[in-house]
Amino acid sequence: MIHRRLCKISSFYKMFSIHILPHGSPMAPEKCIDLRSCLSLSSWKNQSFLHSARSPVLKISFCTTSTSSAGTRISRVARNEAQNALFDYLHSTRGFHFTDAEHISKNSPIFLQRLLSKVENEQDIGWSLSRYFRYNPINEFEPFFESLGLKPSEILPLLPRRFMFLIEDDLMLENFHVLCNYGVPRSKIGKMFKQGVEIFKYEYGVLSSKLEAYEELGLSKQAIIKLVICCPTLLIGGVNQDFVGVLEELKGSDSENDWIAQCLSVKNTYHWNRMLGMLVFLKEMGCSKTGLGKLIRECPGFLFDDSGNKIYVLVALLMKLGLKTKEILSLLLQYPHILAGKFAHYLSVHFLFEIGMETEEITKIVQTHPQVLGSCSLNKPRALLTRLKVSRDELCDIIKKDPIQLSTIASRSKRKLLQDAGDNRLHLLEKTNFLLKLGFVENSDEMVRALKQFRGRGDQLQERFDCLVDAGLDYHVVSSMIREAPAVLNQSRDVIGNKIYFLEKHLGYPLQSVVTFPTYLCYDIERIRLRFSMFRWLKEKGVVKQPIALSTRY
């Protein structure tokens, strides 16, 4: 039997390696034997381990470094057939739940590309892959991790050394399903796995109790979902006391607990101990709860960008210019927008120092025109002097007479916006004003990117935005949703309204469910209908009793 199996395997030796494991021992790299090193089948037959009463375990896995098909484009028909074959193998042969098998097969393109490189008969890809699966078990962790949003370079360190079938790691699967059932999108779980692998080793019921502990702090389920996606470490150990401290400091500042989750981004990393220290620092400066609430309403990013460290740079710089603590606090409360954007990376004050302006003059400009501290990206002084054909002293005189000229003549983004706008300056101005209301910083690089993402005139964008607010969502919540999924506002008001109506009246989901999954509003309504028809059928048959999170269907 082993002899026949090795004959079949030998034809695929370039893609496989044999892992020889003694019973109960972890896989060791030195015990990995490449089939290419085996010169003849008879040498395998004569190996004593094949006839031993306690023979080692043979495991076959894909070589993840294969690049034979890298860069090869796959046709839509071939991709669909490969997805169907993988789905059938996972669901019918391996017994995966329908939703799990579907998500893995639809969201692992790189793994499918490697599979297609092994197909010789391109006329019948589905049959060829089904036959391939029959004789060659795959390492199920590879497509599984890829479907969670991880890149191949991120997957390799996470592959278990002793398992190749997902069912072998029952705790990982259990905790994965706990997160899915709670409402965490599958495509976001990959980041959680990478940053907090301990989460997926908890015993049964532990992870659920940790999620419930955060609900007891007064946080909604939608807020907790956003929090654990952005900060998976909150689920490691007990309830994060620094996070609790931040909530305590924000009490009485007219900001609800759920507001924190709305301001987080999956692209950033957050340190709650630093945020707590920054809030205590503001309190020591004399900032009241009312003042803190004003700062949060006007510029929430100051608390979360760089975990609050930005404010230390600003305060230190202003103190260097001779301002007192009370003057700095008054300046921040009067002009909170100076805390926005990438302030620490390109301060206008540094530009003034570089062109040779005296400290006294810079201090005077900061006191009378604090908007020059705005977070626009400035040209290098030498490049600007060359373009304007003026000396440093002449440039200093221009700025002293009218400090507002600094952002006009020196900003990189401003020039780019004007060049891209062409004759459409009025539409650009309307769109810019709309984005400013959403919290974007004028002349910032983020504003430039947003102007490209949002399609339509400013009044059209505002009308679509108002549609979501009129439906019953909070203004700040909608702003956060739009920043996460800009494509929502690229649809007409009627289309957005129809999708909301379908969500509430036909699917039976509350409007709040789109807060954690705004991408729902980007899908075609017919696709939404087809997806949920399967869920409705399962519910009628009694297979599914509780409603599932909106995000798990896509």
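This structure is a prediction, so every number in the text was calculated from the model and none was measured. Numbering of residues starts from 1 in every chain and runs along the sequence as written. pLDDT decides what is reported in this predicted model: residues at 70 or higher carry local features, side-chain atom pairs at 80 or more are listed and counted, and totals for whole chains, interfaces and linings draw on all residues regardless. Side-chain numbers here rest on the full set of heavy atoms in the structure, without hydrogens or water.

Caption draft 1: Structural view of the overall build of the protein chain. Of regular secondary structure, the protein chain possesses 32 helices and three strands. To sort residues, take the accessible area from a 1.4 Å probe on protein chains only and compare it with the maximum for the residue type: under 20% means buried, over 50% means exposed, and anything in between is partly exposed. Within the protein chain, the fraction of its 554 residues that count as buried is 46%. Within the protein chain, contacts between residues separated by at least 24 positions form 72% of all contacts whose residues are at least 6 apart in sequence. In the structure as shown, the protein chain presents an accessible area of about 28600 Å², 51% of it carried by carbon and sulfur atoms. The helix count covers DSSP runs of H or I at least four residues long, the strand count covers runs of E at least two residues long, and both are numbered beginning at the N terminus. Throughout, a contact is declared for two residues whenever any of their heavy atoms are within 4.5 Å. Computed by Shrake-Rupley with a 1.4 Å probe, the accessible areas treat only the displayed protein chains as cover when residues are assessed.

Caption draft 2: Fine view of the packing of aromatic side chains. For this analysis, a ring pair means two rings from Phe, Tyr or Trp (six-membered ring only for Trp) whose centres lie within 6.5 Å, classed as stacked if their planes differ by under 30 degrees, edge-to-face if by over 60, and tilted for the remaining angles. Taken as a whole and assessed by the stated rule, the structure comprises eleven aromatic pairs. Ring geometry for F144 and F176: centres 5.0 Å apart, planes at 80°, overall edge-to-face. Placement of F144 in helix α7 (residues 141-147) and of F176 in helix α9 (residues 170-182) is noted, with a sequence separation of 32 residues between them. Aromatic side chains Y214 and F243 sit 6.0 Å apart centroid to centroid with 65° between the ring planes, which places their arrangement in the edge-to-face category. Of this pair, Y214 sits in helix α11 (residues 206-215) while F243 sits in helix α13 (residues 241-250), placing them 29 residues apart in sequence. These aromatic residues form a ring-pair network of at least three members: F141, F144, F145, F176, F193 and F200. A positively charged side chain is recorded as over a ring if its NZ (Lys) or CZ (Arg) lies within 6 Å of the ring centre. The angle to the ring normal must also be within 35 degrees. Cation over ring: K221 sits above Y182, and NZ or CZ is 5.0 Å from the ring centre. The ring of F353 has K320 sitting right over it, with the charged end atom 5.9 Å from the ring centre.

Caption draft 3: A look at the nonpolar core. Formed by 108 residues in total, the largest nonpolar core has its most connected members in W272 and F302. Residues contacting F302, with those up to four places away along its chain left out, are M278, L282, L292, L295, I296, G308, I311 and L339. In this structure, F434, A450, I482 and L511 belong to the second largest nonpolar core, which totals 37 residues. Take the buried residues of types Ala, Val, Leu, Ile, Met, Phe, Trp, Tyr and Cys, join any two whose side-chain atoms come within 4.5 Å, and each joined set is a nonpolar core.

Caption draft 4: Molecular detail of the side chain of E140. Looking at the element boundaries, E140 is found in the loop between α6 (125-135) and α7. Engagement of the side chain of E140 in a polar contact is seen with the backbone nitrogen of L166, the distance being 2.9 Å. Once you skip the residues sitting within four places of it in the chain, E140 turns out to touch Y89, R94, F96, M164, F165 and L166. For the purposes of these results, a polar contact is taken to be a pair of N or O atoms within 3.5 Å, where, inside protein, one atom must be able to donate a hydrogen and its partner to accept one; residues adjacent in sequence count only when each atom of the pair is a side-chain atom.

Caption draft 5: A look at the environment of I404. Relative to the helices and strands, I404 resides in the loop between α23 (392-401) and α24 (405-409). Relative accessible area serves as the criterion here: at 34%, I404 is assigned to the partly exposed category. Sequence separation between I404 and H369 is 35 residues; the distance between their C-alpha atoms is 7.6 Å.

Caption draft 6: View of the confidence of the model for the protein chain. By definition, pLDDT measures how confident the predictor is in each residue, and it falls between 0 and 100. Of the residues in the protein chain, 75% reach a pLDDT of 70 or more, and the chain-wide mean stands at 75. Confidence over residues 1-71 falls short of pLDDT 50; this stretch has 103 contacts with residues more than four positions distant or in other chains. Confidence drops under pLDDT 50 across residues 414-424; counting only partners more than four residues distant or on other chains, this segment forms 13 contacts.

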